[in-house]
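# Summary of the model geometry
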Amino acid sequence: MRILLLGANGFIGRELGAALQARGHAVVPGVRRASQAPAFSTQAPMEIDLARDCDAETWLPRLEGIDAVVNCAGILQARRGDRAEAIHVRAPAALYAACLRSNARRVVLVSAISATPSAGTAYARTKLAGEDALRSTALEWVVLRPSLVHARGAYGGTALLRGLAALPGFIPVPGEGAQAFQPIGMDDLAQVVVKAVESDALVRRTLEPVGPDVVTLRAIVVDYRRWLGLGPAIVVPIPGAFARVAARIGDLAGGTLNSTAWAQLEHGNTGDAAAYARQSGLSPLGWRAALARHPAHAQDRWHARLYFVRPLLRIALALLWIASGLVGAAAVATWSGPVAQALGVSGGSGAALLGFSCLLDIVLGTLVLARWKPAVLAALQAAVVIGYTAVAGIVQPALWLDPFGPLLKNLPVLAAIAALAAIEEDR
């Protein structure tokens, strides 16, 4: 079959695409930008923007030659112009309308078990509305509502949990860490998606893929720590009020922990494992059995340990640039003369050059905080640091021998810039 896979570059989408392709299907990756398509896709990617593609006429030409659609696209909390209503409801509804006018009659939607009205979030409301939009059609639909999905890799919530598990000496958990999940491994989720695509057994059914084990958040992070091969640590309960404040900060900073994540966590993520096994005819592995099937390696520990190092490094570099710009602006009058003399320009030109460099520092710091194009930004920062070092070495050669090493310290700054560029991108 030729399958259009929406959200193909996401945590779940990449795994489902690989599983479907391994079954011999031609998987067309639906991505916002072609450069985001998974490596080794056998089909050319299709550029799709669910925040804007809300007209059935837009979808019709895309469905030419498509036999089925798997939709695992989603957004937990809207940001940077993305709209949950469009991504979860309006664009998919337009797609489903187009499917009715094409040969793509089989549609599999990967939703979430916590998409219920009682969750009280825009995520849950729109996810549920998206399910209803599909269920109301005459298509051969299948709706899957998994609990926490975990895999060998990690992204979003699972990356955060591994980061918490890898903290040195202690593991903070919100409340008592009693929030319950029924984790399901990615292999098991892929198995039911494959069955939904290939078989008629699940058509027009809503299933909740869950594992057989009900596991608390506390147990998940403790088990992750053990899986990573790290020693025991003290589990430290964090009062709910502090967790909510952290979530609000995440709203502003754009982190994984945000108000929606907190609300969905508190709402719960459990289902009926026996019912799922009976309806699907599948038997997912338990939580620890799934972990044991994919042992951790050194890179898993690196990723977990770097989870909280990355924002610290980002903030440190941003503050360095911004503070340098502000302090430099206050000293323009003092340094404009020596700089002008060393470079052989007028005093006014020296002052203008220093003023521009201070503004550049502040702009670079702001872009670091905004996580703007990490590779490009790293190259700009490195060029500026090297340029500043060269100019300072010309203006004051003695700085190279200064016991406080003001110029030598630029070497670890360059290393920090390179390190952040290497770990900044999530996908």
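The present account deals with the structure reproduced in this document. The numbering scheme is per chain: residues are counted from 1 as the chain's sequence reads. Where local features are concerned, this predicted model is filtered to residues with pLDDT of at least 70; where side-chain atom pairs are given and counted, the filter is 80 or more; whole-chain, interface and lining totals use all residues. Where side-chain values are given, they derive from all heavy atoms of the structure, hydrogens and water being excluded.

## Thoughts on the overall build of the chain
Going by this rule: A run of H or I in DSSP becomes a helix once it reaches four residues, and a run of E becomes a strand once it reaches two; helices and strands are each numbered from the N terminus. We call a residue buried when its accessible area falls under 20% of the maximum for its residue type, exposed when it is over 50%, and partly exposed in between, using a 1.4 Å probe and counting protein chains only. Only the protein chains shown count as cover for residues, with accessible areas throughout obtained via the Shrake-Rupley method and a probe of 1.4 Å. Charged residues are defined here as Lys and Arg on the positive side and Asp and Glu on the negative side; His and the ends of the chain fall outside this count. Taken as the charge centre is NZ of Lys, CZ of Arg, CG of Asp or CD of Glu, depending on the residue.
Counting secondary structure elements, the chain contains 16 helices and 13 strands. Expressed as lengths along the three principal axes of its C-alpha atoms, the size of the chain is roughly 80 × 55 × 40 Å. Every one of the 427 residues in the chain was classed for burial, and the buried ones make up 46%. Of the accessible surface of the chain, which amounts to about 20100 Å², a share of 62% is contributed by carbon and sulfur atoms. Taken as two groups, the 39 positive and 30 negative side-chain charges of the chain have centres that lie 3 Å from each other.

## Regarding the packing of aromatic side chains
Convention followed: Stacked, edge-to-face and tilted labels apply to pairs of Phe, Tyr and Trp rings (six-membered ring for Trp) whose centres lie within 6.5 Å, assigned for plane angles under 30 degrees, over 60, and everything in between, in that order. Each ring is checked for a lysine NZ or an arginine CZ that lies within 6 Å of its centre and within 35 degrees of its normal; such an atom marks a charge sitting over the ring.
Evaluation of the coordinates by the stated rule reveals three aromatic pairs. Relative to Trp287, the ring of Tyr224 has its centre 5.3 Å away and its plane inclined at 85°; by these criteria the two rings are edge-to-face. Of this pair, Tyr224 sits in helix H7 (residues 217–227) while Trp287 sits in helix H11 (residues 287–293); the two residues are 63 residues apart in sequence, bridging distant segments of the chain. Across the pair, exposure class does not vary: Tyr224 and Trp287 are buried alike. When the ring centre of Trp59 is taken as reference, the NZ or CZ atom of Arg62 above it lies at 4.9 Å.

## Digging into the sheet that holds strand E1 (residues 2–6)
Test applied: At least two bridges found by DSSP between two strands is the condition for calling them paired. Whether two residues touch is decided by their heavy atoms; if any such pair falls within 4.5 Å, the residues are in contact. As a rule, the C-alpha atoms of each element are fitted with a line to give its axis, helices using only the stretch in contact, and angles between N-to-C directions run from 0 to 180 degrees.
The sheet built from seven strands is open, its strands ordered E3-E2-E1-E4-E5-E6-E11 with parallel pairing. Of all the strands in the sheet, the pair left with one neighbour each is strand E3 (46–47) and strand E11 (205–207). Both strand E2 (residues 26–31) and E3 contribute to a ladder of two bridges, which runs parallel. Residue Val31 lies in a different strand from E3, and its bridge partner there is Glu47. In the packing of helix H6 (residues 186–198) onto the sheet, contacts are made with E1, strand E4 (68–71), strand E5 (106–110) and strand E6 (140–144), and the angle to E5 comes to roughly 160°.

## Considering unusual backbone geometry
With phi around 65°, Phe40 is a residue other than glycine that occupies positive phi space. With respect to the helices and strands, the residue Phe40 is situated in the loop between E2 and E3. Unlike most non-glycine residues, Lys373 shows phi in positive territory, near 30°.

## Focus on a nonpolar patch on the surface
Definition in use: Patches here: salt-bridge-free residues with over 30% relative accessible area, like charges joined within 9 Å, nonpolar side chains (Val, Leu, Ile, Met, Phe, Trp, Tyr) joined within 5 Å. We define a salt bridge as a contact between a side-chain nitrogen of Lys or Arg and a carboxyl oxygen of Asp or Glu at a distance within 4 Å.
Judged by side-chain polarity, Trp400, Leu401, Leu408 and Leu411 come together as a nonpolar surface patch covering roughly 470 Å² of accessible area. Structurally, Leu411 can be placed in helix H16 (residues 410–423). Looking at Leu411, the relative accessible area reads 56%, which means it is exposed.

## Digging into the side chain of His25
So the rule is basically this: Residues adjacent in sequence count toward polar contacts only when both atoms are side-chain atoms; beyond that, a polar contact is any pair of N or O atoms within 3.5 Å, and within protein one must be able to donate a hydrogen and the other to accept it.
Note on placement: His25 falls in the loop between helix H1 (11–22) and E2. Note on His25: relative accessible area 8%, which makes it buried. At 3.3 Å, the side chain of His25 forms a polar contact with the backbone nitrogen of Met1. What His25 contacts, discounting residues up to four positions off in sequence, is Met1, Ile3, Leu20 and Glu198.

## Comments concerning helix H12 (residues 298–330)
Stated formally: A helix is expected to reach a length of 1.5 Å times the quantity of its residues less one. The angle separating two fitted axes, one through the seven residues that finish at a residue and one through the seven that start at it, defines the bend at that residue.
Its 33 residues give H12 an end-to-end C-alpha distance of 47 Å, which sits within 8% of 48 Å, the value for a rise of 1.5 Å per residue. In the structure, H12 departs most strongly from a straight axis at Tyr307, where the bend amounts to approximately 45° and where the proline Pro311 lies between one and four residues downstream. Within the sequence span of H12, burial applies to Asp300, Ala304, Tyr307, Arg310, Arg314, Leu317, Ala318, Trp321 and Gly325.

## What to know about the pattern of salt bridges
For the structure shown, the criterion picks out 18 salt bridges. Two residues, Glu131 and Arg135, come together in a salt bridge whose shortest N-O distance is 3.0 Å. With Glu131 and Arg135 both in helix H4 (residues 122–135) and four residues apart, this pair spans about one turn of that helix. Relative accessible area serves as the criterion here: at 26%, Arg135 is assigned to the partly exposed category. Overlapping salt bridges bring together Glu131, Asp132, Arg135, Arg145 and Glu208 as one network.

## Quick notes on the pairing of E6
Definition in use: Place the viewer so that the strands point away; then a crossover is right-handed whenever the path from the first strand over the helix to the second strand goes clockwise.
Counted residue by residue, E6 has four buried out of five residues, so it is predominantly covered. Bridge analysis of E5 against E6 gives five bridges, and the strand direction is parallel. For Val107, the partnering residue across the bridge sits in E6 and is Trp141. For the segment spanning E5, H4 and E6, crossover handedness is right-handed.

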